[in-house]
Amino acid sequence: MPARPLSRLRRLTADVHALDADELRGDVRRQEATPINEARRGARVTVTGRIRSVVYTPRETVPTFSAELFDGSAAIDLVWVGRRRVPGVEPGRSVFVHGRVGVHEDRLAIYNPRYELRDAGDLARR
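Residues numbered from 1 in each chain as written. Predicted model: local features only at pLDDT ≥ 70, side-chain atom pairs only at ≥ 80, totals over all residues. Heavy atoms only, no water.

Caption draft 1: Broad picture of the overall build of the protein chain. Summing up its helical and strand segments, the protein chain has two helices and seven strands in all. Of the regular secondary structure in the protein chain, the N- to C-terminal order runs α-α-β-β-β-β-β-β-β. Across the 126 residues that make up the protein chain, the buried fraction comes to 37%. Just so you have it, the protein chain exposes about 8000 Å², and 49% of that area is on carbon and sulfur atoms. (Helix = DSSP H or I, 4+ residues; strand = E, 2+ residues; numbered from the N terminus. Buried < 20%, exposed > 50% of the residue type's maximum accessible area, 1.4 Å probe, protein only. Areas by Shrake-Rupley, 256 points an atom, 1.4 Å probe, with all protein chains shown as cover.)

Here's what the structure looks like:
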């Protein structure tokens, strides 16, 4: 069977989450970003993906705003220290993120990342 009918069959039988992950992985390749599953602690990376969730953690000392970014291969936490919210960073939003990979609560994270919101193919630097 040729490859084309197989890919069409896969699309018809795959669940929505698998198709979304495939689309996100394709976007990572097109944008020449680092796949999150290849990001290593200490490395400077540019990653792209979709925000899955956001959490504000009030603390006695310094509040923290964090977001989980998923690119189809893995997820990484984006952590803003001293922030209650970050404009435009909300679930479902696509972003480019630049920063150094670290660890937050035993998960890969980028602290106080530089980010660019993506809207319908256009980038708006924030």
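Let us keep going from here.
Caption draft 2: Layout of the environment of L78. Inspection of the secondary structure assignment puts L78 in strand 3 (residues 75-81). Linking L78 and I51, residues 27 residues apart in sequence, is a C-alpha distance of 9.4 Å.

Caption draft 3: Fine view of the nonpolar core. By size, the foremost hydrophobic cluster in this structure holds 19 residues, and its most contacted members are L69, L78, W80, V89 and V97. Elements supplying a minimum of two residues to this core: strand 1 (44-57), strand 2 (64-70), strand 3, strand 4 (94-104) and strand 6 (114-119). Those residues in contact with L69 that lie beyond four places of it in its chain are I36, V47, T48, G49, R50, I51, A74, A75, I76, L78, V95 and V97. (Core = buried A, V, L, I, M, F, W, Y, C linked by side-chain atoms within 4.5 Å. Contact = heavy atoms within 4.5 Å.)

Caption draft 4: Structural context of the environment of T34. With respect to the helices and strands, the residue T34 is situated in the loop between helix 2 (16-30) and strand 1. Residues T34 and D71, spaced 37 residues apart in sequence, show a C-alpha to C-alpha distance of 9.6 Å.

Caption draft 5: View of the environment of V103. Counting through the fold element by element, V103 comes out in strand 4. When residues no more than four places from it in sequence are discounted, the contact partners of V103 are R41, A109 and Y111.

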